[in-house]
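Structure assessment
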Amino acid sequence: TYKVLFIDASMNVSDNKTALINFLSAGGKIVMRELTPENIGNVSSILPSDINLKPLPEPDAKVMRSREICPIRVYKTGYDPILAGITNCELYWRTQSTYQGRFGDEIAPIAAYSITGSNVTALTEPAILAKIPSGKGEIIIDQIDWQTGLNRVTVNTSRFIRNFLNNLGIKMSPNITY
């Protein structure tokens with residue numbers, strides 16, 4: 001039996017609502033990925049009714065002139081076993097770039113929306129990683145854009161994905177490549 005299911009929010013789960021509720025009631029974890037206003041209706045049948053999405057601002061594209069000034073847009077809100085081994089550095093997506101002929105840093109977009117709701121426990125601020133209890137299990141909302149991260153901030157994103165999956169009990173080959 002599986003202990004963790006990943007659901008892409010673009011998939012309609014209404015036909016499987018009973019099976020998913022039973023899975024959560026038995027202590028399973030569902031990781032729901034990349035909710036948007038366009039697809040939240042696909043998965044709303046297993047989410048609390050007061051879940052809302054809040055658009056995140058686009059990252060400031062200007063080059064930061066000092067490495068001492070590092071505005072961390074996303075940070076952990078405290079300790080949770082799901083985030084063991086993940087630091088705020090893995091959540092700070094700074095990319096090397098050239099701007100007006102000068103070498104500098106940009107902040108890559110990590111997510112488009114954060115999550116709010118009465119039963120939502122934010123694991124990050126803003127809440128792009130969050131937990132919602134359901135039965136004996138939980139729904140984990142993951143708004144992180146893994147593909148952009150792997151394309152633009154490969155090391156930080158790879159570290160995040162490996163630790164996140166490991167903390168969920170998913171074993172990966174040490175030789176996996178992205």
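Structural notes, computed from the coordinates. (Residues numbered from 1 in each chain as written. Predicted model: local features only at pLDDT ≥ 70, side-chain atom pairs only at ≥ 80, totals over all residues. Heavy atoms only, no water.)

**A closer look at the overall build of the protein**
A count of helices and strands for the protein gives four helices and 11 strands. Taking all 178 residues of the protein together, 43% fall into the buried category. In the form shown here, the protein has an accessible surface area of approximately 9,800 Å², with 51% of it arising from carbon and sulfur atoms. (Helix = DSSP H or I, 4+ residues; strand = E, 2+ residues; numbered from the N terminus. Buried < 20%, exposed > 50% of the residue type's maximum accessible area, 1.4 Å probe, protein only. Areas by Shrake-Rupley, 256 points an atom, 1.4 Å probe, with all protein chains shown as cover.)

**Remarks on helix α4 (residues 154-167)**
Along its 14 residues, α4 runs 20 Å from first to last C-alpha, staying within 8% of the 20 Å computed at 1.5 Å per residue. Those residues of α4 not exposed but buried are Asn-156, Thr-157, Ser-158, Phe-160, Ile-161, Phe-164 and Leu-165. (Expected span 1.5 Å × (residues − 1).)

**Concerning the sheet that holds strand β2 (residues 29-33)**
Taken together, the five strands give an open sheet; going across it, the order is β1-β2-β11-β10-β8, and neighbouring strands pair in mixed fashion. The open sheet has two edge strands, β1 (4-8) and β8 (121-122), and neither has a second partner. Of the strand pairs in this sheet, strand β10 (residues 129-134) and strand β11 (residues 137-142) are connected by six bridges, and their pairing is antiparallel. Bridge pairing links Pro-133 to Glu-138 in β11. (Pairing = 2+ DSSP bridges.)

**So, helix α1 (residues 17-25)**
Leu-20, Phe-23 and Leu-24 are the residues of α1 that are buried. Each buried residue of α1 lies within a common arc of 95° when the element is viewed along its axis, so the set occupies one face. Exposed residues pointing more than 90 degrees away from the buried face of α1 are listed as Thr-18 and Ala-19. After α1 finishes, the residue Gly-27 shows a positive phi value of roughly 105°. (Arc of directions from axis to C-beta.)

**Topic: the pattern of salt bridges**
For the structure on display, the rule yields six salt bridges. Between Arg-159 and Glu-90 there is a salt bridge whose closest N-O contact spans 3.0 Å. Of this pair, Arg-159 sits in helix α4 while Glu-90 is found in the loop between β4 (75-76) and β5 (94-99), placing the two residues 69 residues apart along the sequence. Through salt bridges with shared partners, a single network forms among Lys-29, Asp-80, Lys-131 and Glu-138. (Salt bridge = Lys/Arg side-chain N within 4 Å of Asp/Glu carboxyl O.)

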